[in-house]
Amino acid sequence: MDREKSNFFKKLRQDKIPYIAFWVLVVMYLLILFADFFAIYPASQSNRKLTYQPPNNIYIIDENNRLVHPYTYNYIKTFDKDTLEIVYKQDRSKKYKINFFSKGYEYKLFGLFKTNIHLISKDENCSLHLLGSDINGCDVYSRLFFGGQISLTIGFLALLISFPIGAIYGGISGYLGGKTDKILMRLAEGIMSIPSFYLLIILASILPSNMTSIQRFALITAILAFIGWAGFSRVIRGMVLSIKNQEYIKAIETIGASKKRIILKHILPQTSSYIIIAITLSVPSYILAESGLSFLGLGIQLPDASWGNMLKEAQEFANILYRPWLLTPGFLIFIAVLSFNVLGDKIRDILDPKTIK
Amino acid sequence: MNTWVYIFKRILSAIPILFIVSIMSFTLIRLSPIDPLAQMKLNPAISASTIEKEQKRLGLDKPIVVQYFLWASNFIKGDMGYCIDNTKVSTKIKTRILNTLLLSLCVIFFSWIIALPLGVIAAINYNSLFDKILTVMTSVGMAIPSFFFAILMLVFAQKTGFFPLGGLTSVEFSQMDMIHKIFDILKHLILPTVVLTTISLSSIMRQMRANLLDVLNSEYVKFARAKGLKYSKVIIKHALRNAINPIITLLGFEFAGLLSGAALTEYVFQYPGLGKLILEAVMQSDINLVMASLMIGSFMLILGNLIADILLKLTDPRVRV
């Protein structure tokens, strides 16, 4: 087993692009694991006085052309009476130092260790928004980490529900065959015949609105899983159909093993490499589904952040044109999905002997 | 004759699926805590008699099984009830279906006409620089969230000023003559088509490339080569014909994907299609409209798969039910 594993990594390392994708994902998951450490503001801290503040400029060379500790200026919000626009102007009167590895707000690392050390922190009166602020005056930069926590994990959690269900369902259907197979597969086909996004928004829209954010998160996960299992179970059934006619299954049947044991212990493990491939290749679709749902306002709700609901503000045209920093979550979704796709392709190449060398 | 039997059987097998879908979506929506007539009751423009008629039509005072059959028989007759703004669901949905079909056909046409040749070229020049660039580009195409890409395209449209900012027709559409009308619609179709084509292009191209690579490694292609046939002839006459079959199945899938994937793009571009309709219906909890568009969407999906299967049968006689 160990040798197989090291072999796997050796093969992964041979190709540069998938290897980069692998590390990009590792870094992304580390970033969201230590989200509080990288964030400057707590998840839902908002400053209504500074809505849509543009990103602060960071200076390392001061007006005397000397290299100094990085500093920034605050913005002042002014209202232009002639054009009726809100204008942000730099307040050059006071410099604010940007501190590294120093004290910020207090948080609990992994929910256990109390600490207040942050990668970047700011002085008390400084309103540092590295990627600007949104309509509520929340810090976009900090929310990217908290949003990632939801966007990057919800897919995996949904897979943890949908794949076992799909595998067992497909296993039973394929192994038992006959009428059971027909009925089970017609049901799965029924779910597959409803355009998945239509089903997704309808299910999400009938969720009651007075749920806590954790309940909502769990239910959205369940909905995503509910939509995903059917297609997967069909493929598993197809594989089981060919496996069950092999001689070793006949041998086990003669010994008198129960059907449950045969399906779980002898047939489904045979499909494991396909399952691994399917998992890596379907994480992206779950990420995209969640972000699409939240983008429409049917998924994760404010004040919780997810990359999808952060992009919700991009629905307003003025925001895209004058506040482009609100689009950053879109690029992160893109990078995450791209990395999963590239990595998934490589894993398929390694695990599936049928692919062309 | 055999082909016709196959087609007949295939159509028959689609009917129970439609039945299952209708039961599933009906129970799903009736289980939801939304009162199907709540929005209608709130609208002062709708008279009490209309609401009463609707209540009777839906059989809301009867058990759910009866409700289902009432709804289903009405649906088959083409009576889908009224929207919350008191227009007929059927008239509203009809134009939307046509719009969605128009967009989907454009996307399918362009994605196939671009993807198939590219896939073939990539497979023939396996592992060349061109192949590698295409592989990277398809990964990129598959990774862009459709709504995000649509937003970026809107920014592009705004900055260049050449493309309209969404919708299907301009404001002065009704005063145009026929030729201008067609041009107007085409102009509005360009951006949504670009977004959806980019996304569906990638999977078709990959499939084409993989299939052709498979076939190129097979014995009969090697034999044809050994026989001294020209390479181009081997590819076109022998390899391509066999490589294209699995792609036809993809057509059905792609149609399904388009129905789902287009919803967000339609929403961003304010394109009056089925996807945007169902989104609006869901947000306003317009039950009649949700049910009808859900059923029509599923019907189109099943139809898409059916057409793909029939096409496959026509090109590949080996297929059996």
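The structure reproduced in this document is the subject of the present report. Just so you know, these numbers come straight off a predicted model, no measurement behind them.

Time to look at the packing of aromatic side chains. Applying the stated criterion to the full structure yields 18 aromatic pairs over all chains. Taking the centre distance of 6.1 Å and the plane angle of 10 degrees together, the rings of Phe232 of chain A and Tyr274 of chain A count as stacked. Taken as a pair, Phe232 of chain A in helix 7 (residues 213-243) and Tyr274 of chain A in helix 10 (residues 272-295) lie far apart in primary sequence, 42 residues in all. When its relative accessible area of 24% is taken as the criterion, Tyr274 of chain A is described as partly exposed. The interplanar angle of 70 degrees and the centroid separation of 6.3 Å between the aromatic rings of Phe19 of chain B and Tyr68 of chain B together place this pair among those described as edge-to-face. Of the two residues, Phe19 of chain B sits in helix 1 (residues 2-31) while Tyr68 of chain B sits in helix 4 (residues 64-77), which places them 49 residues apart along the sequence. Tyr68 of chain B sits in the buried class, given a relative accessible area of 7%.

A few words now on the interface of chain B and chain A. In this assembly, 51 residues from chain B lie in contact with 42 residues from chain A. At the boundary of chain B with chain A, total buried surface from both sides reaches about 3900 Å², with 81% on carbon and sulfur atoms. Along the contact surface separating chain B from chain A lie 1 salt bridge. Between Arg206 of chain B and Asp345 of chain A there is a salt bridge; the shortest N-O distance is 2.6 Å. Where chain B packs against chain A, one counts 1 residue pair in polar contact (both at pLDDT 80 or more). At the level of elements, helix 1, helix 6 (129-143), helix 7 (146-160), helix 8 (178-216), helix 11 (245-269), helix 12 (274-283) and helix 13 (287-315) of chain B are the ones that each hand at least two residues to the side of chain B that touches chain A. A total of 8 residues in the side of chain B that touches chain A trace back to one element, the largest contributor, which is helix 7 of chain B. Split into classes, the residues belonging to the side of chain B that touches chain A amount to 39 nonpolar, 9 polar and 3 charged.

What counts, and where the lines are drawn
- Residues numbered from 1 in each chain as written.
- Chains lettered and ligands numbered in written order.
- Predicted model: local features only at pLDDT ≥ 70, side-chain atom pairs only at ≥ 80, totals over all residues.
- Heavy atoms only, no water.
- Phe/Tyr/Trp six-rings, centres within 6.5 Å; stacked < 30°, edge-to-face > 60°.
- Helix = DSSP H or I, 4+ residues; strand = E, 2+ residues; numbered from the N terminus.
- Buried < 20%, exposed > 50% of the residue type's maximum accessible area, 1.4 Å probe, protein only.
- Contact = heavy atoms within 4.5 Å.
- Buried area = accessible area lost by both parts, 1.4 Å probe.
- Salt bridge = Lys/Arg side-chain N within 4 Å of Asp/Glu carboxyl O.
- Polar contact = N/O pair within 3.5 Å; in protein donor to acceptor, adjacent residues only side chain to side chain.
- Nonpolar A, V, L, I, M, F, W, Y, C, P; charged D, E, K, R; others polar.

Geometric values such as these leave the question of function open.
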